[in-house]
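# Understanding the architecture of this molecule
Listed below are the residues making up each chain.
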Amino acid sequence: MQRKKSTTPRKKSGKQGKTRNIVKWLWIVAMTPLVALTLMLSLTAAGVFGTMPSFEELENPKSNLATEVYADNGQVIGSFFVQNRSYVQYADLYPQDSTQLVKVAGHEMPPIAAALVATEDARFYTHSGIDIISLARVAVKTIALQRSSQGGGSTITQQLAKNLFPRGKRDDNKVVRTAKLIVSKFKEWITAIKLEYNYTKEEIVAMYLNTVEYGSNSFGIKSAAATFFGKAPSELNIQEAAVLVGVVNASTRYSPVRNPENSLRRRNTVLKRIEAAGGITPAQYDSLAALPITLNYRPISHNYGCATYFREMLRLTMNAQRPKRRNYYTTWDYEQACKEYDENPLIGWCHKNTKADGTPYDIYRDGLKIYTTINASMQEYAEAAVQKQMQTVIQPTMDKQVRETKELFQNLTDEEQEAIIKRAMRNSDRFRNMKAAGLNDKEIYASFNEKCNMKVFTYGGERDTLLTPRDSILHHKRIMRASFVAMEPQTGYVKAYVGGTSFQYFKYDMAKQGKRQIGSTIKPFVYTFAIDHLGLTPCTMVPNLPVTIETAVGAAWSPKESGNVEYDGVLHPLRWGLAHSRNNYSAWIMKQAKQPEAVADFIHNMGIMSFIDPVYALCVGSFESNVYEMVSAYSTFANEGVHNTPLFVTHIEDRQGNLISSFSSSSQDAISKESAYTMLTMLQRVITHGTGRRMGWAFNMHGVEIAGKTGTTNENRDAWFMGITPKLVAGAWVGGEDQSIHINSSRGEGSIMALPIVGDFLRRVHNDPNININRTDKFTRPASWQAVECEDIGSPTVTTTRDEFFN
């Protein structure tokens, strides 16, 4: 009996041991994945499988941020980018009307945030970066049910981690690829937890919306809202927000532009999830789902939008390298460029300034904010004025001339014309691409005679056509060009800048980059020299006769007049010569001056820094300049004789809004206040009695204090007009791409071709109550300035008083 008692416990003990072993192995099986997971997470966090983002990097994540260019009212007029991305804060997402807020997951949110949370992470406010429930669901689908995961396991924070710190390149080997994917997931989990620790939920939502791609070259919600709907993120309604959140899933497949049907279905899916999250009622869903997608599609491109030529000029200016002699025709121009590079901090700014880490600024990636002097409304008016004049007057005149004469190039031999066409061929993308592909010149030139489908520019809009590339070159050569600049004389601020008529087709900037002979627009400076240095007055009497000057080389020079002008020998005051743009009167002044070098230096001091050949012929505008310089120089008259260097950027901030650089215009006394005002009175007579009379009757400038000067070069190759008002100076140039292309008739003169651009612009400005430039503005008359009496032979005595010029 004792044995039985002793064996029973041993039997019981064996069962217990077996149970213990089973439990132990169950614990091992259960804990091994957790231990392995913990070990893997620890090793990943320690950087064994590659570096992890530091807390400093999490505070300042690196991404390609677009540099934004602002007008003087804070409106964004363009950007420079590798990825068109701009950041917004969560507060910037809130609509002005609080009734537009949407309640999702127990939180009231802006529509775009609500759409994101409801669609991508419904438990966003209840987890700390990793959603265990979603991970378990994905694991069951993937492992137990043998289904490939369709997403849904990654939280918004994890997706943000992946966007901020992308995975490496995809490996072709499946095993290696799987291993890398697992490590990447671990990294994303750890980074997500760190992000949750560093940022609020609202900041994470804003960061996510800022980092994702929406298609059509839009990165970040600010760019996407502007591109697809022409709105700020705070202005998006719930259905528009649903479109953009839906696009994030697959920017091409769900693009409302490329695949509108897919986009509509995806939008309604997002709206359904918002309904499921309690953000909208079933009735609201039904009404919203029935609506079509209404876009205001404005794709971001450097070729389109506001102030395209200005933005390109700004980009080139900030990225400029120190000038090289080989890029300049004259030593003077090279030396002036070097001086400007050294003295103007904006030129080459990206190379002259460095970030905290010592690297230079990159306007394509560093998210700078460039605040310019451009007035958005004036820029719009300038572009509209140029377009209207070119479309309705200039181009029809040129087209009619070509049809009637069967000639495009004027006074050129066939060989010279062919040389121009071949040069255009060699400078084309077609030629360069075919050359790079290995074709020889003969084959390439032959291809220019083969018709193909293409788009061509017209002032009525871009057109699809079937044309040979050679004929397309001739077509675009026939398109007349124009440029325009408006400047505030008291500050030097550039308020409007038009370098051409279509940046997409004609990249060359004729406002500042290109130069042409300036013709009679030089004459006010010659007359000012006469007043300032020779002691002459507007009433100095000069006979209307030809003028011949013996030059230093012993040759005689005598200027010709434009049109059918007769020399009647009658004495007229100098102001008459300026008003009627007579070349003989300008030559007469040069004859009295005797030193062309002194006149050239005087003109440079007024603001024209281009090379001026110091010869007597400079008085009729034989040298070349551009609208940018001319407007700057003419501003001296309106600014009481003080010349301000043009300024088009006031300050630059970094991505956080910290001031990096500020800029101001430099000024110098060029002429006396009295001389400046005297010249203004003479230039007002150009408008009231001379070649600029069209300004009064065509643009209702009667009674407005406005001065101006027309200019036309030989054979009407270049047409100019410079207009001066008390608060704004504006200038326009019109001409052909090649100087052999021009309008032959009198309709090619500056008063007909260029003046209407300035007149139309000023009329629009005067009619805008939001611009502080009015028809009643007055020039500043110096207290010491005295009116002088002029007497024309055979005419009654007249007095140059204020009333004469403005009534």
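Computed from a prediction, not measured in an experiment: that's the story for all the values here.

Let's shift gears to the packing of helix α10 (residues 260-276) against helix α11 (residues 282-289). Running from N to C, α10 and α11 point in directions that differ by 170°, and their axes come no closer than 10 Å. Between α10 and α11, the angle is such that the two are roughly antiparallel. Counted together, R267, N268, L271, K272 and E275 of α10 and P282, Y285, L288 and A289 of α11 form the full contact between these two elements.

This part takes up the nonpolar core. Among the nonpolar cores identified, the biggest contains 136 residues, and F484, Y497, F525, F637, I724 and F761 are the most heavily contacted of them. In this structure, I724 is in contact with Y634, F637, A638, L680, L683, E705, I706, A707, V729 and F779, ignoring residues within four places of it in sequence. Ranked by size, the runner-up nonpolar core spans 49 residues in total, among them L160, L209, A241 and A289.

Moving on, we come to the sheet that holds strand β24 (residues 729-735). Judged by pairing direction, the sheet is antiparallel, and its five strands sit side by side in the order β11-β10-β24-β23-β22 without closing on themselves. Edge positions in the sheet fall to β11 (493-498) and β22 (707-712), since each has one partner strand and no second. If you compare each strand with its neighbour and ignore which way they point, the axes differ by 10° on average. Two strands pair when backbone bridges link them, and strand β10 (residues 481-488) and β11 are joined in this way by five bridges, in the antiparallel orientation. If you follow M487 over to β11, its bridge partner there is V494.

Turning to helix α23 (residues 596-606), a few remarks are in order. Turning to α23, its buried residues number three or more, namely P596, V599, A600, F602, I603, H604 and M606. Where α23 is buried, its residues meet α13 (331-343), α20 (523-533), α22 (583-593), α24 (627-638) and β18 (642-644). Just past α23, the residue G607 takes up positive phi, approximately 130°.

A few words now on the environment of N375. Mapped onto the secondary structure, N375 falls in the loop between β7 (369-372) and α15 (376-405). Looking at N375, the relative accessible area reads 14%, which means it is buried. Residues N375 and Y497, spaced 122 residues apart in sequence, show a C-alpha to C-alpha distance of 9.7 Å. Discounting chain neighbours no more than four positions away, the residues touching N375 are D72, K495 and I771. A distance of 3.5 Å separates the side chain of N375 from the side chain of D72, its partner in a polar contact.

As a further point, take the pattern of salt bridges. Any two side chains of opposite charge can pair if their charged atoms end up close together. What the rule picks out here adds up to 26 salt bridges. Here E68 makes a salt bridge to K222, at a shortest N to O gap of 3.2 Å. Here the residue E68 occupies a position in strand β1 (residues 67-70), and K222 occupies one in helix α8 (residues 221-229), the gap between them amounting to 154 residues. Residue K222 is classed as partly exposed on the basis of its relative accessible area, which comes to 24%.

Let us now look at unusual backbone geometry. The phi torsion of most residues other than glycine is negative, and most of the peptide bonds are trans. Even without glycine at this site, K594 takes up a positive phi of about 65°. When its relative accessible area of 62% is taken as the criterion, K594 is described as exposed. Positive phi outside glycine occurs at N716, with the angle close to 60°. Its location among the elements puts N716 in the loop between β22 and β23 (718-724). Assessed through its relative accessible area of 13%, N716 is described here as buried.

What follows deals with the pairing of β11. With five of its six residues buried, β11 lies for the most part within the structure. Linking β10 to β11, which pair antiparallel, is a turn of four residues; within it G492 sits at a positive phi near 85°.

Moving on: the pairing of β7. Judged by which residues are buried, β7 turns out to be covered on both faces: K369 and Y371 on one side and I370 and T372 on the other are all buried. Sheet topology note: the β1/β7 ladder contains three bridges and is parallel. Looking at the pairing, V69 lines up with I370 of β7. Judged from the four bridges that link them, β7 and strand β19 (residues 649-653) form a sheet pairing that is antiparallel. Note on β19: the bridge partner recorded for I370 is I652.

Conventions adopted
Residues numbered from 1 in each chain as written. Predicted model: local features only at pLDDT ≥ 70, side-chain atom pairs only at ≥ 80, totals over all residues. Heavy atoms only, no water. Axes fitted to C-alpha atoms, helices over the stretch in contact; angles between N-to-C directions. Helix = DSSP H or I, 4+ residues; strand = E, 2+ residues; numbered from the N terminus. Parallel < 35°, antiparallel > 145°, perpendicular 65-115°, else oblique. Contact = heavy atoms within 4.5 Å. Core = buried A, V, L, I, M, F, W, Y, C linked by side-chain atoms within 4.5 Å. Buried < 20%, exposed > 50% of the residue type's maximum accessible area, 1.4 Å probe, protein only. Pairing = 2+ DSSP bridges. Polar contact = N/O pair within 3.5 Å; in protein donor to acceptor, adjacent residues only side chain to side chain. Salt bridge = Lys/Arg side-chain N within 4 Å of Asp/Glu carboxyl O.

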